[in-house]
Amino acid sequence: FALGLRKHLGALAMTDIYEYLTQGNDTTTVGVLLGMAASKRATCDPSVSKMLCLHIPSLLPPPFTEMDVSSVAQIAAVAGVGILYQGSAHRLMTEFLLGEIGRKPTSDKIADREAYVLAAGFALGMVNLGKGKSGASAGLQDLKIEERLTQYLVGGRDQASAGSNGRLGEESLRCSRIFEGESINVDVTSPGATMALGLLHIKSGNKSVANRLSLPSTLSELDTVRPDFLLLRVVSRALVMWDTDVEPTLAWVQKQIPSVVLNAWEKLGDTSNYFRAAFGIANIDINRQNGREGEGLPNKGSIDSGGKAPSVFDQQSVKQVYVHIVAGACFALGLRFAGTGDSRAKEVIVEQLLMLKKLREDKDRLTVARRPALAIVDLCVGTAAVSLGLVMAGTGDQDAMKIFSELRVKCEAGVTYGTHGCIASAIGLLFLGGGSCTLGRSNEDIAALLVAFYPRWPIATTDNQFYLQALRHLYALAVKESSVECIDVDSNAPVFVPVVYRNRNRGGEEVKAMSPLLLNSDVDELRLDSDRYYSMVVPANSLRNRSRITLFVKRKIGHLTYKQDPHGKQALQVGNLQTFTEDAELLQFSKLFCDDDSVQRFEKELPGLGTFGEFCKEKLLSIAEKPEALHLLLGLRYAVESLPVTKNPLQVQNLRVCVALSEAAEAQGRGAEGEGEELMEAIFVQLIRENVEIFFESGLGSEEGLQQWNRSINE
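Values in this document were obtained by computation on a predicted structure and should not be read as measured data. (Residues numbered from 1 in each chain as written. Predicted model: local features only at pLDDT ≥ 70, side-chain atom pairs only at ≥ 80, totals over all residues. Heavy atoms only, no water.)

**Quick notes on the overall build of the protein chain**
Within the protein chain, the secondary structure is distributed over 33 helices and twelve strands. With 715 residues in all, the protein chain has 50% of them scored as buried. Long-range contacts, defined as pairs at least 24 residues apart, comprise 71% of the intrachain contacts of the protein chain with a sequence gap of at least 6. Entry remark: accessible area of the protein chain is about 34,400 Å², with carbon and sulfur atoms responsible for 51%. (Helix = DSSP H or I, 4+ residues; strand = E, 2+ residues; numbered from the N terminus. Buried < 20%, exposed > 50% of the residue type's maximum accessible area, 1.4 Å probe, protein only. Contact = heavy atoms within 4.5 Å. Areas by Shrake-Rupley, 256 points an atom, 1.4 Å probe, with all protein chains shown as cover.)

See the structure below:
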């Protein structure tokens, strides 16, 4: 299976595949079927299609209908059909999968029927992925896909039961263990139909389809829908209203919960109802007279259609509905912001996750009054944890890791395999690819994530009744390598460098981060944000369609790396110059002229410039980033120092040019902003000007001095 996910299994010949399939091992068969489908994803490869169809009895002619194919192999084959025909809108497969969702049991071999129907729903949604928005499924209008899926969702009489049985002679096949009649068994069909409807209209914004997936608004209607199905409806509706209605806010989460449930949830905290809530006893209207007919039963007539909670309601139902809807909203946010590291989505999911954690662990009166069955709380906690892992995938976020560590429980009686598995999955997502990978957000990627992290956690490793556990590995199809790494050009080693990028989905907001980091498709521009390295800007077109971006950066002399000096407290000094540069010329100059012994050897002092040793020590620190300026500064000092002796007109002219250039730069407004980038500091230029003026005032004051100056100019 792993080889297929990495697209390596296609290198095997069909004869080799046949040898693996004939071994009779269910695990190997499931791995080969799903692996071959994944390696040929969205290609409609005929050889792989034949292999999958051979493991689906519904597609075989009558003489072979009773082939002994294990239930897990059938489920894997059906899911493989969805992967192989992904996005093709293949009519034959669409009609077949639509019929499989509502097909009645035709034999006593009905193991894992719920998982089979769910796989058919996933496959139907993947075959027609996003076709509801583009209208590409125009050739399938006669199948009435939306209407039939809605019927499988809400139940009733199956009008298309005859068309769903696609095999010749199937009317003579009956199941002696289950009789469903002409009614649709929504406990079996609803999950698959819900997922198929969401994938079919993913990101379409179709309000009509969203209304089909809306939640009941009264308690009496909520009693007709299983609470875990409400979780799936919230997720599927979010897939449809992807860009128009899903927001990473607490208000959006509360909006998903019917107002009557919110009000009833608040009433559960009433201390007067503590004991009734703790034991799940329905509230009784104490104003009824004793001996009255119906006494002790919930008052269904007291339900308020205006959204207010009635005085009488089934408290266990309210508890289960509330936590399932919250978990569904968290999972919807996890899919919507998968791999983005969005801080707003993280904050909302963390708040709800901590609330669910409190429901599971705290023992105060309010918590006990609102706590549903422990198995339900574990399911919702695991779903919220995976949702947080989806949002923060690959980031290694410390806050998320701390929460996951607190959620882990001991291996003891009452703790199922799924409880451990969902927390482990969340931790794995958090450190995806060792921090170098993230999750994609295309329709195909979202479909893979939805299938892989379907919120139904198993009891044991062999529990495939409601969901085929092998499908958990499909998350690998959505993993994308999208990292930015900075390499120092001098040491050729990766370094930490602060960067700033603009987030397109948040109105061009600038986000600060530290490389190496993960980038998603929402990034418009990236630039370095550090005074220790030379600036660099990466435009948006260079960031698109790039899985791994390597930036070669140059560190400025006078600064340590962020690993050596995280807070920038170690300044450049002559004694530690070798820590900042490997320039042999600068290091030798520092050794000869800038140590304490060398400074004391030079006694001649110029006004404002000090001795030669002091001058060298000071200027070496200022030009460490620009070593080419060392010869210029030494030449200027020598010109000022020797001017009274040589009276060289060329030296005077050079000094005057330096002063004039500095004054011109200052006049153009470069003084404040460009002062740090100039080769000569303003104070040094001022000292040159003063020494030149002193020379003219003292050395040329006599007639003899002027004549000597004129002769030098003529020469």
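**As for unusual backbone geometry**
Glycine aside, a negative phi is what most residues show, and trans is what most peptide bonds show. That bond from Ser-515 to Pro-516 is cis: its omega, 0 degrees, falls within 30 degrees of zero. Along the polypeptide, Pro-516 turns up in the loop between β6 (509-515) and β7 (517-518). In this model, Ala-42 sits at a positive phi of 60 degrees, which is unusual for a non-glycine residue. Here Ala-42 is to be found in the loop between α3 (26-39) and α4 (46-53). For Ala-42, a relative accessible area of 40% puts it in the partly exposed group.

**Things to note about the pairing of strand β5 (residues 497-503)**
Summarising burial for β5: six of the seven residues are buried, a large majority. Where β5 and β6 come together, seven bridges link them in antiparallel fashion. When the sheet's bridge partners are listed, Pro-498 is paired in β6 with Met-514. In this structure, β5 lies alongside strand β8 (residues 523-528), joined through four bridges in antiparallel fashion. Considered in β8, the bridge of Val-499 is made with Leu-528. (Pairing = 2+ DSSP bridges.)

**As for the packing of aromatic side chains**
Enumeration according to the criterion identifies four aromatic pairs in this entry. When the centroid spacing of 3.9 Å and the interplanar angle of 10 degrees are considered together, the rings of Trp-265 and Tyr-322 count as stacked. A residue pair is termed long-range when its members are at least 10 positions apart, and Trp-265 in helix α16 (residues 259-267) and Tyr-322 in helix α18 (residues 315-336) qualify at 57 residues. The class for Trp-265 is buried, based on a relative accessible area of 4%. Judged by its relative accessible area of 7%, Tyr-322 is buried. Considering the side-chain rings of Phe-453 and Tyr-475, the 6.2 Å spacing of their centres and the 45 degrees angle between planes classify their relative orientation as tilted. Of this pair, Phe-453 sits in the loop between α24 (443-452) and β2 (479-481) while Tyr-475 sits in the loop between α24 and β2, and the two are 22 residues apart along the sequence. Among the residues examined, Phe-453 registers a relative accessible area of 5% and is labelled buried. (Phe/Tyr/Trp six-rings, centres within 6.5 Å; stacked < 30°, edge-to-face > 60°.)

**Some thoughts on the pattern of salt bridges**
Two side chains bearing opposite charge may form a pair once their charged atoms approach each other closely. Inspection of every chain in the model, using the stated rule, returns 18 salt bridges. Glu-266 serves as the salt-bridge partner of Arg-370, at 3.7 Å between the closest nitrogen and oxygen. With a gap of 104 residues between them, Arg-370 in helix α20 (residues 365-370) and Glu-266 in helix α16 connect regions that are remote in the sequence. Taking the shortest distance from any N to any O, the salt bridge between Glu-361 and Arg-360 comes out at 3.3 Å. In this structure Glu-361 comes out as partly exposed when scored by relative accessible area, which is 35%. Judged by relative accessible area, Arg-360 falls into the buried class, the value being 13%. (Salt bridge = Lys/Arg side-chain N within 4 Å of Asp/Glu carboxyl O.)

**A word on the nonpolar core**
Ranked by size, the top nonpolar core spans 152 residues in total, and within it Phe-122, Leu-149, Val-261, Leu-335, Leu-390, Phe-404 and Leu-450 carry the most contacts. For this core, the element with the highest residue contribution is α18, accounting for 13 residues. Residues within four places of Leu-149 in sequence aside, it is in contact with Leu-98, Ile-101, Leu-124, Ala-193, Ala-196 and Leu-197. Core analysis: the next-biggest nonpolar cluster, separate from the first, contains 18 residues, Tyr-501, Leu-528, Leu-543 and Tyr-562 among them. (Core = buried A, V, L, I, M, F, W, Y, C linked by side-chain atoms within 4.5 Å.)

**Some details on the environment of Leu-356**
As for its position among the elements, Leu-356 is in helix α19 (residues 343-361). According to the relative accessible area criterion, Leu-356 is buried, its value standing at 0%. As a C-alpha pair, Leu-356 and Val-326 span 30 residues in sequence and 9.1 Å in three-dimensional space.

**Some remarks on helix α23 (residues 417-430)**
Taking 1.5 Å per residue, 14 residues should reach 20 Å; α23 reaches 20 Å between its end C-alpha atoms and fits that length. Taken residue by residue, α23 has Gly-418, Thr-419, Cys-422, Ile-423, Ala-426, Ile-427, Leu-429 and Leu-430 as its buried positions. The inward-facing, buried residues of α23 contact α21 (374-391), α22 (398-407) and β1 (437-439). (Expected span 1.5 Å × (residues − 1).)

**Description of α16**
Among all positions of α16, only Val-260, Val-261, Ala-264 and Trp-265 are buried. On an axial view of α16, the arc spanned by its buried residues comes to 135 degrees, and they lie on one face. On its buried face, α16 sits against α13 (219-222), α18, α19 and α20. (Arc of directions from axis to C-beta.)

**Let's talk about the sheet that holds β5**
Strand order in the open sheet formed by four strands is β6-β5-β8-β9, and the pairing between neighbours is antiparallel. Every interior strand has two partners, whereas the edge strands, β6 and β9 (537-538), have only one. The sheet contact formed by β8 and β9 spans two bridges and is antiparallel. Residue pairing across strands places Leu-526 opposite Val-538, the latter belonging to β9.

**Digging into the pairing of strand β10 (residues 548-553)**
Burial of the side chains of β10 is restricted to one face: Ile-549, Leu-551 and Val-553 are buried, whereas none of Arg-548, Thr-550 and Phe-552 on the reverse face is. Taken together, the six bridges between strand β3 (residues 483-488) and β10 define a ladder with parallel strand orientation. Looking at β10, one finds that Val-484 is bridged to Ile-549.

**Looking at the packing of α16 against α18**
Between α16 and α18, whose axes approach to 10 Å, the crossing angle comes to 115 degrees. Here the hand of the crossing between α16 and α18 comes out left-handed. Taking contact as the criterion, the partners of Val-261, Leu-262, Ala-264 and Trp-265 in α16 are, on α18, Val-318, Lys-319, Val-321 and Tyr-322. Of the residues belonging to the contact of α16 with α18, the class tally is seven nonpolar, no polar and one charged. (Axes fitted to C-alpha atoms, helices over the stretch in contact; angles between N-to-C directions. Left-handed = near helix turned anticlockwise from the far one by under 90°. Nonpolar A, V, L, I, M, F, W, Y, C, P; charged D, E, K, R; others polar.)

**Looking at the side chain of Asp-228**
Mapped onto the elements, Asp-228 comes out in helix α14 (residues 227-240). Other than its neighbours up to four places away in sequence, Asp-228 contacts His-324 and Arg-456.

**Here we look at the packing of α21 against α22**
Two numbers describe a pair of packed helices, the interaxial angle and the distance between the axes. The geometry of α21 relative to α22 is characterised by a closest axis approach of 11 Å and an angle of 160 degrees between their N-to-C directions. Taken together, the axis directions place α21 and α22 in an arrangement best described as roughly antiparallel. Two packed elements cross with a definite hand, and for α21 against α22 that hand is left-handed. Across the interface between the two elements, Val-381, Ala-385, Leu-388 and Gly-389 of α21 pack against Ala-400, Phe-404 and Leu-407 of α22. (Parallel < 35°, antiparallel > 145°, perpendicular 65-115°, else oblique.)

**Describing the confidence of the model for the protein chain**
In this model, the protein chain carries a mean pLDDT of 79, and residues with pLDDT of at least 70 account for 73%. With pLDDT under 50 throughout, residues 281-305 is counted as low confidence; its partners more than four residues away or in other chains account for 32 contacts. Across residues 671-677 the pLDDT falls below 50, and counting only partners more than four positions away or on other chains, this stretch makes five contacts in the model. (pLDDT = per-residue confidence, 0-100.)

**Description of the environment of Thr-218**
With respect to the secondary-structure elements, Thr-218 resides in the loop between α12 (207-212) and α13. One polar contact links Thr-218 to Ser-220, side chain to side chain, over a distance of 3.3 Å. (Polar contact = N/O pair within 3.5 Å; in protein donor to acceptor, adjacent residues only side chain to side chain.)

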